[in-house]
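Commentary on secondary and tertiary structure
The lines below spell out each chain.
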Number of protein chains: 2
Amino acid sequence: MKDLKQRSLELHLKNKGKISVISKIKLENADDLSLAYSPGVAEPCLEIQKDESKIYDYTSKGNMVAIISDGSAVLGLGNIGPKAGLPVMEGKAILFKEFGGVDAFPIMLNTNDQDEIVEIVKNISISFGGINLEDISAPRCVYIERRLKKELDIPVFHDDQHGTAIVTTAALINACRLSGKKMEDLKIVLSGTGSAGSSIARMLKDCGVKEILAFNRKGVVNKDKYAKYKFLLKELLDDNIISYPQSPTATLSDIMIDADVFVGVSVANVINKEMIQSMSDKPFIFAMANPNPEISYEDAIAAGAYVMGTGRSDYPNQINNVLAFPGLFRGALDARTKNITEAMKMAAAKAIALILEDSELRTDYIIPSPFDKRVSYEVSEAVKKEAQKEKA
Amino acid sequence: MKDLKQRSLELHLKNKGKISVISKIKLENADDLSLAYSPGVAEPCLEIQKDESKIYDYTSKGNMVAIISDGSAVLGLGNIGPKAGLPVMEGKAILFKEFGGVDAFPIMLNTNDQDEIVEIVKNISISFGGINLEDISAPRCVYIERRLKKELDIPVFHDDQHGTAIVTTAALINACRLSGKKMEDLKIVLSGTGSAGSSIARMLKDCGVKEILAFNRKGVVNKDKYAKYKFLLKELLDDNIISYPQSPTATLSDIMIDADVFVGVSVANVINKEMIQSMSDKPFIFAMANPNPEISYEDAIAAGAYVMGTGRSDYPNQINNVLAFPGLFRGALDARTKNITEAMKMAAAKAIALILEDSELRTDYIIPSPFDKRVSYEVSEAVKKEAQKEKA
């Protein structure tokens, strides 16, 4: 069997990329042409001119999502730029289609200026029913998402922040179900306080978690260093999402003692076996740094991890965004919501978790497979239900 | 049979628009996912980062055209705006696909500002191998096209200008073949001096035509009114494309006398039977105002038109842009040209004309049908050949 890298290059080269735009209707004779184009096409145009909401009836907008990226934080590759980032965004587009039945089109931006990005997206949003921001570096991604959520009337979602948060929450819900631990009793250590970590912390707090301690490349987060923190972290502290350790000089090893959960969205090898051994009974490890987690699967299990989840497809418990975003957009598009709300994200997390029955849950199976056909449907139904509740 | 308008509405409603984005590769198991997305997708990304030209090998860019419009001059409907214009652009996208095998995606712009449009298109151009400007009002369309041609390294083409010019030229070439008239002897009257008229006049001059007189809503073009003319018309005069009538008070009736050809890209009912009767022997009438031509088909024939062409599919000799743009882009994309040059446009016009053998030509068949399978292939081959010549 050939090397994965070589096979991926060959697959991309042979097909010249991964996406294609096709016609949903036939175009075989003059009558077809007169219906789909001139002169018949004037009618749907005039109907939309009279009532703008009819753009959802007569065009593909209602099922079309723009995948927007400037290539500044692509996968684990970093700032490789918008050209080199395109294969990832085409990949995202086909995941949208295959897992959610959502049409998605990648738009790579030739600028990193956050205000310019907001203006461009607003100016090109008409043919899209939703906006998925992807692989834009922090903190710009947060600024861009917040402004677009306010200024556009279609759902805007930054998957790197919230997709990860939804699936991590689902995994935690099920680890609690299996272990008998309760959200409100958990002590959680979060490694990484950027856009993903920030969204995870907020969702966990919404789940009832009371104690989240945080660690980042500058060390353990404590009040003394407040002035040095970036705005995302400042917000987490101001909103009382993150707790401080009692000692201002506490290290990561110190705060890991008696912790129930480690959540990593940071870099490889941040924790070690000894730290896991110092945790409470039945510790959960979600080590999602890509491609190399905060501790290897083997080491985590050897050190006594009760549940070990990573971002990788070659180990159990893959915390994979593809469990969330296709169904989430499917539901939001079907319900034609103007926003993806916190409640919708929580509904999605619960739907992913509850796909697994009590009897199915195992320590190496706390999250469904990306290829589990039930996931996207259940997520979309949960999101639609929540949307209806919010409209009512 | 139901009314065309009703059938068009129903077709659009039933399918929710006309385009869909699909995957060119299968995505059925974890291995597929690891090749198309993480971690395998990192390889094509890194290859493109090393050599930007590889974006054509590993992504869909090389076959993807953006259809850019602000909805300011849509079909015969005028400035209906970007939302109401979307059905037309989706129609254009499926024409690209069905007739040229080109993937095309509509981007509707929420601004009419010409400099902003240029900046947006430049900033979103990465995922596209070509730009087709569509239904943008004059003179902005000309400004936008000229700047983008200069500032982008992919082909940029404004179909409303040049598509019409290419197909009109093809029709004229064949009308000459059939009638025995020669380009250099023709006296042509052009009604309409906007972006389409201007492009037609330039192409006809390039074909060897020596005498083109022009008429627009302000009357017959003559030197006295120069100061009042807009820049497109000023350029035509400065470049000696358009000739003046000898009398400064000449009317359209006056300049039609002894003309060999009438070319209309203006409005309905500009000419009448008497004018045609005053033309030279075997007059050609190309009356392309949509949906109602400058004179009706029946009246033109009754007045003695040797050849009568319109933009309509329900009469013979349909001067339809779909004969040009799919093959033109097919050829330009295949040859990976940075521009669509004047010579390529001329090669396309000749290819369209020469599809019909001498023995096939009739006064009511001087231009192939849009459904003639040979057209797009022959046009693309001619454009590729010209591109190779220009590179050499």
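Residues numbered from 1 in each chain as written. Chains lettered and ligands numbered in written order. Predicted model: local features only at pLDDT ≥ 70, side-chain atom pairs only at ≥ 80, totals over all residues. Heavy atoms only, no water.

1. Quick notes on the overall build of chain A
Scanning chain A from terminus to terminus reveals 16 helices and eleven strands. Computed over the C-alpha atoms, the radius of gyration of chain A is 22 Å, within 12% of the 21 Å expected from 2.2 N^0.38 for a compact globule of 392 residues. Along the three orthogonal principal directions, the C-alpha set of chain A runs to about 75 × 50 × 40 Å. Within the span of chain A, comprising 392 residues, buried residues form 62% of the whole. Nonlocal contacts in chain A, meaning residues at least 24 apart in sequence, comprise 66% of its contacts between residues at least 6 apart. A total accessible area of about 14800 Å² is found for chain A, and carbon and sulfur atoms account for 49% of it. On chain A, the mean spot of the 49 positive side-chain charges and the mean spot of the 53 negative ones are 1 Å from each other. (Helix = DSSP H or I, 4+ residues; strand = E, 2+ residues; numbered from the N terminus. Rg over C-alpha atoms; globule rule 2.2 N^0.38 Å. Buried < 20%, exposed > 50% of the residue type's maximum accessible area, 1.4 Å probe, protein only. Contact = heavy atoms within 4.5 Å. Areas by Shrake-Rupley, 256 points an atom, 1.4 Å probe, with all protein chains shown as cover. Lys, Arg positive; Asp, Glu negative; His and termini not counted. Charge placed at Lys NZ, Arg CZ, Asp CG, Glu CD.)

2. Brief notes about helix α1 (residues 4-15) of chain A
All names here are of chain A. Helix length check: α1, at twelve residues, gives a terminal C-alpha distance of 17 Å against a target of 16 Å (1.5 Å per residue), a fit within 8%. Among all positions in α1, only Arg7, Ser8, Leu9, His12 and Asn15 are buried. Immediately beyond the C-terminal end of α1, within one or two residues, lies Lys16, with a positive phi of roughly 50°. (Expected span 1.5 Å × (residues − 1).)

3. Some points on helix α7 (residues 140-151) of chain A
Spanning twelve residues, α7(A) covers 16 Å between terminal C-alpha atoms, matching the ideal 16 Å at 1.5 Å per step. Buried residues along α7(A) sit against α6 (114-124), β4 (130-133), β5 (156-158), α8 (159-179), α9 (195-206) and α10 (231-238) of chain A.

4. A word on the interface of chain B and chain A
Residue-level contacts link 91 residues of chain B with 91 residues of chain A. Summed over both partners, the interface of chain B with chain A buries about 8900 Å², with 68% contributed by carbon and sulfur atoms. Counting the surface chain B buries against chain A, the share from its top three residues, Val21(B), Tyr37(B) and Lys83(B), is 8%. Across the chain B-chain A interface, the total number found is five salt bridges. Of the charged contacts, one joins Arg7(B) and Asp31(A) as a salt bridge, the two residues approaching to 2.8 Å between their closest N and O atoms. Taken together, chain B and chain A are joined by 40 residue pairs in polar contact (both at pLDDT 80 or more). Every element with two or more residues in the side of chain B that touches chain A is listed here: α1 (4-15), β1 (19-23), α2 (30-36), α3 (42-50), α4 (55-58), α5 (81-100), β3 (103-108) and α6 (114-124) of chain B. Considering each element in turn, the side of chain B that touches chain A owes the most residues, 14 residues, to α5(B). Here strand β1 (residues 19-23) of chain A runs beside β1(B); their pairing, made up of five bridges, is antiparallel. Residue pairing for β1(B): Ile22(A) is matched across the bridge by Ser20(B). (Buried area = accessible area lost by both parts, 1.4 Å probe. Salt bridge = Lys/Arg side-chain N within 4 Å of Asp/Glu carboxyl O. Polar contact = N/O pair within 3.5 Å; in protein donor to acceptor, adjacent residues only side chain to side chain. Pairing = 2+ DSSP bridges.)

5. Considerations on the side chain of Asn317(B)
All names here are of chain B. Mapped onto the secondary structure, Asn317 falls in the loop between β11 (307-310) and α14 (325-335). For Asn317, a relative accessible area of 5% puts it in the buried group. Not counting residues up to four positions away in its chain, the partners in contact with Asn317 are Val307, Met308, Gly309, Thr310, Thr363, Asp364, Tyr365, Ile366 and Ile367.

6. Thoughts on the sheet that holds strand β9 (residues 261-264) of chain B
All names here are of chain B. Taking strand neighbours across the sheet as the criterion, the six strands line up as β8-β7-β6-β9-β10-β11 in an open arrangement whose pairing is mixed. In this open sheet, the two strands that pair with only one neighbour each are β8 (219-220) and β11. Bridge count between strand β6 (residues 187-191) and strand β7 (residues 211-216): five bridges; the pairing is parallel. Bridging from a neighbouring strand, Val189 pairs with Leu213 of β7. Relative to β6, helix α9 (residues 195-206) is tilted by about 165°, and along the sheet it contacts β6, β7 and β9. (Axes fitted to C-alpha atoms, helices over the stretch in contact; angles between N-to-C directions.)

7. With respect to the pattern of salt bridges
Any two side chains of opposite charge can pair if their charged atoms end up close together. All names here are of chain A. Applying the stated criterion across every chain yields a total of 55 salt bridges over all chains. Of the charged contacts, one joins Lys181 and Asp260 as a salt bridge, the two residues approaching to 3.0 Å between their closest N and O atoms. With Lys181 in the loop between α8 and β6 (187-191) and Asp260 in the loop between α11 (252-256) and β9 (261-264), this pair connects stretches of sequence that are 79 residues apart. One continuous salt-bridge network, built from bridges that share partners, spans Asp115, Glu119, Lys122, Arg147 and Glu151.

8. Let's talk about a positive patch on the surface
Residues and elements named next belong to chain A. A cluster of basic residues, Arg217, Lys218, Lys228 and Lys230, forms a positive patch on the protein surface. Turning to its location among the elements, Lys230 is positioned in the loop between β8 (219-220) and α10. Residue classification places Lys230 among the exposed residues on the basis of a relative accessible area of 62%. (Patch = residues over 30% accessible without salt bridge, like charges linked within 9 Å, V, L, I, M, F, W, Y side chains within 5 Å.)

9. Topic: the relation of the copies chain B and chain A
Note on the identical chains: chain B maps onto chain A by a rotation of 180° and an axial translation of 0.0 Å, with an RMSD of 0.1 Å. The transformation just described matches what one would write down for a two-fold rotation axis. Taking C-alpha positions as the reference, the residue of chain B nearest the rotation axis is Val21(B), at 2.3 Å. The fraction of interface residues of chain B whose copies in chain A are also interface residues reaches 100%, indicating that both copies meet through the same surface. (Least-squares fit on C-alpha atoms with pLDDT ≥ 70 in both.)

10. Some words on the packing of aromatic side chains
On inspection of all chains with the given rule, the structure shows 15 aromatic pairs over all chains. Centre to centre, the rings of Phe284(A) and Tyr306(A) are 6.2 Å apart; their planes meet at 35°, and the pair counts as tilted. Pair noted here: Phe284(A) is in strand β10 (residues 284-287) and Tyr306(A) is in the loop between α13 (297-302) and β11 (307-310), with a separation of 22 residues, a long-range link. Here Tyr306(A) falls in the buried class, since its relative accessible area comes to 19%. Summarising the aromatic geometry, the rings of Phe157(B) and Phe329(B) are spaced 5.9 Å apart at their centres and angled 85° between planes, so their arrangement reads as edge-to-face. Taken together, the residues span a long stretch of sequence, with Phe157(B) in strand β5 (residues 156-158) and Phe329(B) in helix α14 at a distance of 172 residues. For the pair formed by Phe157(B) and Phe329(B), the shared burial category is buried. A connected cluster of aromatic rings, assembled from ring pairs, spans Phe96(A), Phe157(A), Phe325(A) and Phe329(A). A cation over a ring is seen here: Lys181(A) above Phe284(A), with NZ or CZ 5.4 Å from the ring centre. (Phe/Tyr/Trp six-rings, centres within 6.5 Å; stacked < 30°, edge-to-face > 60°. Lys NZ or Arg CZ within 6 Å of the ring centre and 35° of its normal.)

11. Examining the state of the cysteines
For the coordinates displayed, the defined rule picks out zero disulfides over all chains. Cysteine Cys45(A) is unpaired, with the sulfur of Cys141(B) as its nearest cysteine sulfur at 19 Å. On the accessibility criterion, Cys45(A) (0% relative accessible area) is buried. (Disulfide = S-S within 2.5 Å.)

12. Section: the packing of α6(A) against α7(A)
All names here are of chain A. The interhelical angle for the contact between α6 and α7, taken along N-to-C directions, is 35°, at an axis separation of 10 Å. The way α6 lies across α7 gives a crossing that is right-handed. Counting all contacts with α6, which are made through Gln114, Asp115, Ile117, Val118, Glu119, Val121 and Lys122, the residues of α7 involved are Arg140, Tyr143, Ile144, Arg147, Leu148 and Glu151. Per-class residue counts for the contact of α6 with α7 are six nonpolar, one polar and six charged. (Left-handed = near helix turned anticlockwise from the far one by under 90°. Nonpolar A, V, L, I, M, F, W, Y, C, P; charged D, E, K, R; others polar.)

13. As for the pairing of strand β7 (residues 211-216) of chain A
Residue and element names in this part refer to chain A. With five of its six residues buried, β7 lies for the most part within the structure. The handedness of the β6 to β7 crossover, carried by α9, is right-handed. Alignment of β7 against β8, held across two bridges, turns out to be antiparallel. Looking at β8, one finds that Asn216 is bridged to Gly219. The turn joining β7 and β8, which pair antiparallel and follow one another in sequence, is formed by two residues. (Right-handed = clockwise from strand over helix to strand, strands pointing away.)

14. Examining the confidence of the model for chain A
Summarising the model, chain A shows a mean pLDDT of 96, and 100% of its residues fall at 70 or more. ipTM for the predicted complex: 0.95, alongside a pTM of 0.96. (pLDDT = per-residue confidence, 0-100.)

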